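Residue strings, one per chain:
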Amino acid sequence: MLESMQVIKKLIERYDYCGAYEILKNKSMEHMDSAIVINSCRYSVNFDFYTARNLLKKLSDDGKVHPKTKELIANLDALNDGHPDILMSELLENLKFQIVNEEYIDFLGRVYRFKEAIYKYMFIKSQLPDRNFTFQMRFMQKKEILKILRNHYKIFNSNLIFALNTYFRKYDKNTQIVDPIIRLMNSEKMNQLIELRHDSLIGHGFKGVSAEEIQKVYGNPYNVLDDFRTCLLSLGIEVQRYKYSIVNELISEFLDRDYNTYYKLNQMTTANFE
């Protein structure tokens, strides 16, 4: 029993919530609070925040009132609302998972999406400065942005990044904040990183990706997180770090309690058959 609990804790340290959940499910513990939070995280790391939030409704009364549970629920509600600070923070955390688990192709895919998300955010904020921003608004859709670029700025490039680069170069007035971000996004090291993505399975080729290749073009992969975090802070986005470290503390606490309950129930069952 103790050994399997240690395995689960090691898995959640690596954000492998699927593996941890399978162990608990095999022990018929999927209805206990630790398994419910782990199951919620399985969906959350895949950006299905709606399911992740609904699963937490299955927690026990004690589980629901735990301070860290309340924080998690508030976080998932904000993610479902498309709150920019929370969503960008989640994407940064997701990037970190890929590095920890050495899933470098997926890491490059997230890098590309992050670059696109920053461009979209800067553009919509420039167009609607007085409007309450959310990533759920229809203006964040690629087709809506390309339509604005065509109709208002006569920019007809269908490649979103190229089109937005043209817009920022010609029309944006907020150069003090935007220019350093654009320079980083178009730097040689970032372009080389994106090229690795294009040549991989999630791009247009079949080339594998290693930590050494990322190190060669960008340095330590964690440098990418630091650079993105700097961009977000300069845009006034408050980055929330260590969400899943806090969630893992909650899971560990529930896990210790649930395993004690499970052990006692097994002892009682064994005694009844003697």
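Bear in mind that the values here come from a model prediction, so they are computed numbers and not experimental data. Counting restarts for each chain, with residues numbered from 1 along the sequence as it is written. Given that this is a predicted model, residues contribute local features only at a pLDDT of at least 70 and side-chain atom pairs are listed and counted only at 80 or more, while totals for whole chains, interfaces and linings are drawn from all residues. By convention in this description, side-chain values take in all heavy atoms of the structure and omit both hydrogens and water.

(A) Molecular detail of the nonpolar core. Counting 94 residues, the largest nonpolar core has Val37, Ile118, Leu149, Leu193 and Phe228 as the members making the most contacts within it. When residues in this core are grouped by element, the largest group, 13 residues, is from helix H8 (residues 104–127). Any pair of residues with heavy atoms lying within 4.5 Å of one another is described as a contacting pair. Leave out the neighbours within four places in its chain, and Leu193 touches Leu108, Val111, Ile214, Val217, Tyr218 and Val224. Here the nonpolar core consists of buried residues drawn from Ala, Val, Leu, Ile, Met, Phe, Trp, Tyr and Cys, with membership extended through side-chain atoms lying within 4.5 Å. Throughout, exposure labels follow a simple rule: accessible area from a 1.4 Å probe, protein chains only, divided by the maximum for the residue type, with under 20% read as buried, over 50% as exposed, and the rest as partly exposed. Elements are defined by DSSP. Helices are runs of H or I of four residues or more, strands are runs of E of two residues or more, and each kind is numbered from the N terminus.

(B) Structural detail: the packing of aromatic side chains. Within 6.5 Å between ring centres, the rings of Phe, Tyr and Trp (the latter by its six-membered ring) count as paired, and their orientation is classed by plane angle as stacked under 30 degrees, edge-to-face over 60, tilted in between. Under the criterion given, the structure shown has 14 aromatic pairs. For the ring pair Phe47 and Phe49, a centre distance of 5.0 Å and an interplane angle of 55 degrees mean the geometry is tilted. Residue classification places Phe47 among the partly exposed positions, given a relative accessible area of 32%. When its relative accessible area of 6% is taken as the criterion, Phe49 is described as buried. With 5.2 Å between their ring centres and 85 degrees between their planes, Phe133 and Phe135 make a pair best called edge-to-face. Phe135 matches Phe133 in its accessibility class, with the two residues each being buried. When the ring centre of Tyr218 is taken as origin, the NZ or CZ atom of Lys189, which lies over that ring, is 4.6 Å away. Two limits define a charge over a ring: the Lys NZ or Arg CZ must be within 6 Å of the ring centre, and within 35 degrees of the ring normal. One Lys or Arg, Arg197, reaches over the ring of Tyr112 and ends 4.2 Å from the middle of that ring.

(C) Representation of helix H12 (residues 188–198) in the model. Taken as a whole, H12 has its buried residues at Met190, Leu193, Ile194, Leu196, Arg197 and His198. The secondary structure elements touched by the buried residues of H12 are H8, helix H11 (175–185), helix H13 (211–218) and helix H14 (222–234).

Without other data, these values stay purely geometric and don't point to any function.
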